[in-house]
Amino acid sequence: MWRGGSNTRTCKRRFFSSPTRSRHHRPPYMLHSRGSQHLKAMAEVDHLAAERATARFDVEEMKVAWAGSRHAVHVADRMARLVASDPVFRKDNRTMLSRKELFKDTLRKAAHAWKRIVELRLTEEEADLLRQYVDQPGYVDLHWGMFVPAIKGQGTEEQQHKWLPLAYKFQIIGCYAQTELGHGSNVQGLETTATFDPKTDEFVIHSPTLTSSKWWPGGLGKASTHAVVYARLITEGKDYGIHGFIVQLRSLEDHSPLPGVTLGDIGGKFGSGAYNSMDNGVLRFDHVRIPRDQMLMRLSQVTREGKYVHSNVPKQLLYGTMVYVRQSIVADASKALSRAVCIAVRYSAVRKQFGSQDGGPETQVLNYKTQQSRLFPLLASAYAFRFVGDWLNWLYTDVTQKLEAKDFSTLQEAHACTAGLKAVTTSVTADAIEECRKLCGGHGYLNSSGLPELFAVYVPACTYEGDNVVLLLQLASGKQPVGTMAYMGKVQYLMQCKSAVSSAEDWLNPDAIQEAFEARALRMAVNCAQNISQAASQEEAAGFYERSPDLLEAAVAHIQLIIVTKFIEKVHQEIPGHGVKEQLQALCNVYALYILHKHLGDFLATGCITPRQGALANEQLGKLYAQVRPNAVALVDAFNYTDHYLGSVLGRYDGDVYPALYEEAWKDPLNETVVPEGYHEYLRPLIKQQQLKLSRL
């Protein structure tokens, strides 16, 4: 529903920006406050310095491990600071803007970002990062992320030559109109029709029912001039299924809808600010005619006479775009999760609650074991998702090269991995952001914490580009034991093996961890297969859906095995920097043993481990939390996020939280006046009336 594409020297992916600080003035009684004086001194304060001093590893080298290379660290740092220093990209007032103001602000930021990209002659990599750090959903996401890739993947060379230069220069703005009001993940159920008329050599695009209305495409509501529209191709009276068509929606002169086109925004969405900067739209067609050559014809075409003809281009090439989009979503999961964890870790180190009974100092919240047991697995998950995302990016590159050579051997695995990893990482991340909000106590509920808006922006990822449950069921139906499923070739061993763990320290052995995860995943898959095969009286599909809850759990087990395996492989690589490898090893073990703890029932029910071994895993997990504790703040520092990008008073680098919270409160529009608007109309008469009644008593 909302990703990014590529251009010759401009941008490739996502464009999130952010709203500006409102221009309202502070009331006179705030002009002499000491808060403004304090702000000048904030840069000199570091309330987290003591935490950083306890780190047992080289933070700069951990930044390289996180980013992937020194070059990546340098470019990201430069683009983040470029955005943070530009007043147009200020974002601290986003949640206070009305929907109209927010959308106009998004248009302004999109235009300014494009201007800076052109002026500074940024590379594709730099432009991509600039858009990420602007950090506000907008129409550009779909233009680059779906419209351009659709034409590149499904258009002929002639169509690409015609349309892509216009898109690269923003002479047209495109979106991706697939989802309908009554149909989402079931693409084959779409109702919009594209009927060929041989008399005029045109397709007639039509929305025959209310439920055939296109619904949700980002950028459609107000910004896009064109769309790739997916519709049922009908020619010579036969329905040939879903195909893509380039359709102009609005005039390039005055932006008004073209005849037969009804479109608009679908309305406000969950949260303040958040995804409300995106103009998700509704679109209906009333017998709109387009030239025949605006059907995307790389894989199939309709002749002038109306004959449907397949091209000699393998249809598997279409999956390359899908794999790309989903692997980018996995990468985005690690970014969103790491932002939330960074905020929660830093604030947990600043916040102090309770303490000794003799009036001694209060205790840092981060020192409580309950806080660690909820927060440190999320920290480990952020690193785990980052590294599995890096592997998925490598897999996408490998698959792309093979596809170009007409080698489709790895396509099935790539499709399954991206589907499953997308489903698991987005679900975990959405839940984790909300958990981080809770871990920040009452202040986490404030918009100024950054967490409510981060959650509202991120949670749609659980649905777009494939509903997570549907994707996991797709994964569960896979059969070929190759690549990440190669462990299924060891079925005889894994069905019988028993864990050799006899002490808590044994759970630090990566072989012991991997064997337990492999045995669990395989045994759950075998159990599902046996249960389905035993339902001999049922149709195959009926048996599959009858066992779909079990299949979902088996699919999750397989994906968790992949994540654990890729984390272990990362740790086994040569990683420079004092203490860096040791910290990553600890996080890897935290992630694996936390998953084992959380899904202990699966491991016990399948006989992979004994209850005693499960207890030893929990014992070791507690020891690992103690190992992570002195390094926690430094581990989130390694994400290298600017305060601007984090957008959180609680997650400030300097930890000077409380004066900043106080300052933020006075920025709210309600504080523009001492006496609230409405006092004379509603409060004063009520108060005076109450006084009158009291006097009669």
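Residues numbered from 1 in each chain as written. Predicted model: local features only at pLDDT ≥ 70, side-chain atom pairs only at ≥ 80, totals over all residues. Heavy atoms only, no water.

Trainee: Got a minute to help me understand the nonpolar core in this structure?
Mentor: Generally speaking, a soluble globular protein has its nonpolar side chains buried in company with each other. In this structure, Tyr383, Leu421, Trp507 and Leu584 are the most contacted members of the largest nonpolar core, which totals 170 residues. A total of 17 residues in this core trace back to one element, the largest contributor, which is helix H9 (residues 319-350). Once residues within four sequence positions are removed from consideration, Tyr383 is found in contact with Met62, Trp66, Phe567, Leu584, Leu587, Leu635, Ala638 and Phe639. Ala177, Ala194, Leu263 and Val302 belong to the second largest nonpolar core, which has 24 residues in total. (Core = buried A, V, L, I, M, F, W, Y, C linked by side-chain atoms within 4.5 Å. Buried < 20%, exposed > 50% of the residue type's maximum accessible area, 1.4 Å probe, protein only. Helix = DSSP H or I, 4+ residues; strand = E, 2+ residues; numbered from the N terminus. Contact = heavy atoms within 4.5 Å.)

Trainee: Sorry, what's going on with the pattern of salt bridges here?
Mentor: Two side chains bearing opposite charge may form a pair once their charged atoms approach each other closely. Within this structure, the stated rule accounts for 36 salt bridges. Note that Asp105 is salt-bridged to Lys109, the shortest N-O span being 2.5 Å. In this pair, Asp105 and Lys109 are both assigned in helix H5 (residues 99-119), four residues apart and thus about one turn of the helix distant. In this structure, a network of salt bridges that share partners links the residues Lys91, Arg94, Asp135, Arg339 and Glu453. (Salt bridge = Lys/Arg side-chain N within 4 Å of Asp/Glu carboxyl O.)

Trainee: Just to check I follow, could you spell out the side chain of Ser207 for this structure?
Mentor: In this fold, Ser207 is placed in the loop between strand E3 (202-206) and strand E4 (214-215). A residue is classified by how much of its surface remains accessible, and Ser207, at 4% relative accessible area, is buried. With residues up to four places along the chain from it excluded, the contact list for Ser207 reads Ser212, Leu283, Arg284 and Phe285.

Trainee: For this particular structure, what's the right way to read the UniProt feature "active site" (unreviewed entry) in the chain?
Mentor: Under the UniProt annotation, the feature "active site" (unreviewed entry) is placed at Glu465. Mapped onto the secondary structure, Glu465 falls in the loop between helix H12 (451-458) and helix H13 (468-476). What makes Glu465 buried here is its relative accessible area of 19%. (UniProt positions renumbered as here; feature names shortened; annotations may be inferred.)

Trainee: Sorry, what's going on with the pairing of strand E1 (residues 174-177) here?
Mentor: Successive side chains on a regular strand alternate, one facing one side of the sheet and the next facing the other. Side chains Gly174 and Tyr176 of E1 all project onto a buried face; the interleaved residues Cys175 and Ala177 project onto the opposite face, where all are buried too. One ladder, built from four bridges, connects E1 with strand E5 (residues 226-235); its direction is parallel. Bridge assignment links Cys175 to a residue of E5, and that residue is Ala227. (Pairing = 2+ DSSP bridges.)

Trainee: For this particular structure, what's the right way to read the environment of Arg547?
Mentor: Position of Arg547 relative to the elements: it lies in the loop between helix H16 (540-546) and helix H17 (548-572). By relative accessible area, which is 31% here, Arg547 ends up partly exposed. For the pair Arg547 and Ala529, spaced 18 residues apart in the sequence, the C-alpha separation amounts to 9.3 Å. Apart from the residues within four sequence positions on either side, Arg547 is in contact with Asn531 and Ile532.

Trainee: It is not clear to me how the sheet that holds strand E8 (residues 281-285) should be interpreted in this structure. Could you clarify?
Mentor: Consider a sheet: its strands pair through backbone hydrogen bonds, and that pairing is either parallel or antiparallel. Taken in spatial order, the three strands line up as E4-E8-E7 in an open sheet, and their pairing is antiparallel. At either end of the open sheet lies a strand with only one pairing partner, and these are E4 and strand E7 (261-265).

Trainee: Where do I start with the packing of helix H11 (residues 411-439) against H12 in this structure?
Mentor: When two helices pack together, their arrangement is given by the angle between the helix axes and the distance between those axes. Across the interface, H11 lies against H12 with an axial gap of 9 Å and an inter-helix angle of 165 degrees. Regarding the angle of H11 to H12, the classification is roughly antiparallel. Here H11 runs over H12; the crossing is left-handed. In this structure, H11 contributes Thr425, Thr426, Thr429, Ala430, Ile433, Glu434, Cys436 and Arg437 to the contact, and H12 contributes Leu451, Leu454, Phe455 and Tyr458. For the contact of H11 with H12, the residue count by class is seven nonpolar, three polar and two charged. (Axes fitted to C-alpha atoms, helices over the stretch in contact; angles between N-to-C directions. Parallel < 35°, antiparallel > 145°, perpendicular 65-115°, else oblique. Left-handed = near helix turned anticlockwise from the far one by under 90°. Nonpolar A, V, L, I, M, F, W, Y, C, P; charged D, E, K, R; others polar.)

Trainee: Help me out: how do you make sense of the environment of Arg304 in this one?
Mentor: With respect to the secondary-structure elements, Arg304 resides in the loop between strand E10 (300-302) and strand E11 (308-310). Between the alpha carbons of Arg304 and Asp201 there is a distance of 6.4 Å; along the sequence they are 103 residues apart. Beyond its immediate stretch of four places on either side in the chain, Arg304 contacts Phe196, Pro198, Lys199, Asp201 and Arg292. Of note is the side chain of Arg304, whose polar atom sits 2.7 Å from the backbone oxygen of Pro198. (Polar contact = N/O pair within 3.5 Å; in protein donor to acceptor, adjacent residues only side chain to side chain.)

Trainee: Just checking my understanding: could you explain unusual backbone geometry for this structure?
Mentor: Here the phi dihedral of Phe170 falls at roughly 60 degrees; this positive angle occurs in a residue that is not glycine. Relative to the elements of secondary structure, Phe170 occurs in the loop between helix H8 (157-168) and E1. Its identity as a non-glycine residue notwithstanding, His255 has a phi of 70 degrees, on the positive side. We classify His255 as partly exposed; its relative accessible area is 33%.

Trainee: Can you help me understand the confidence of the model for the chain in this one?
Mentor: Atomic detail in the predicted coordinates should be set aside for any region of low pLDDT. Across the chain, the average pLDDT comes to 88, with 89% of residues at 70 or higher. Scored below 50 in pLDDT, residues 1-43 makes 166 contacts in the model with residues more than four places away or belonging to other chains. (pLDDT = per-residue confidence, 0-100.)

Trainee: Looking at this structure, I do not really get the packing of aromatic side chains. What am I missing?
Mentor: What characterises a pair of aromatic rings is the spacing of the ring centres plus the angle enclosed by the ring planes. The final tally for this structure, using the stated rule, is 20 aromatic pairs. Centroid distance Trp66 to Phe639: 4.5 Å. Interplanar angle 50 degrees. Geometry classified as tilted. Here Phe639 lies in the loop between helix H21 (632-637) and helix H22 (643-646) and Trp66 lies in helix H3 (residues 59-67), a separation of 573 residues in the sequence. You'll find Trp66 and Phe639 in the same group, each marked buried. Each ring, one from Tyr240 and one from Tyr308, has its centre 4.2 Å from the other, and the planes form 15 degrees; the classification is stacked. Of this pair, Tyr240 sits in strand E6 (residues 238-248) while Tyr308 sits in strand E11; the two residues are 68 residues apart in sequence, bridging distant segments of the chain. Taken together through their ring pairs, the aromatic side chains of Trp66, Tyr133, Tyr383, Phe387, Phe567, Phe639, Tyr641 and Tyr645 make up a single cluster. Taking the ring centre of Tyr653 as reference, the NZ or CZ of Arg52 above it sits at 3.6 Å. The positively charged end of Arg386 is found above the aromatic ring belonging to Trp66, 4.9 Å away from the centroid. (Phe/Tyr/Trp six-rings, centres within 6.5 Å; stacked < 30°, edge-to-face > 60°. Lys NZ or Arg CZ within 6 Å of the ring centre and 35° of its normal.)

Trainee: What is the right way to read helix H10 (residues 369-404) from this model?
Mentor: Every α-helix winds through 3.6 residues per turn, so residues three or four apart in the chain are directed the same way. Here H10 spans 52 Å end to end across 36 residues, near enough to the 52 Å set by a 1.5 Å rise per residue. Roughly 25 degrees is the biggest bend found in H10, and it falls at Leu375, with proline Pro377 one to four residues downstream. A positive backbone phi angle near 60 degrees is found at Lys406, which sits one or two residues after H10. (Expected span 1.5 Å × (residues − 1). Bend = angle between axes of the 7 residues up to and from the residue.)

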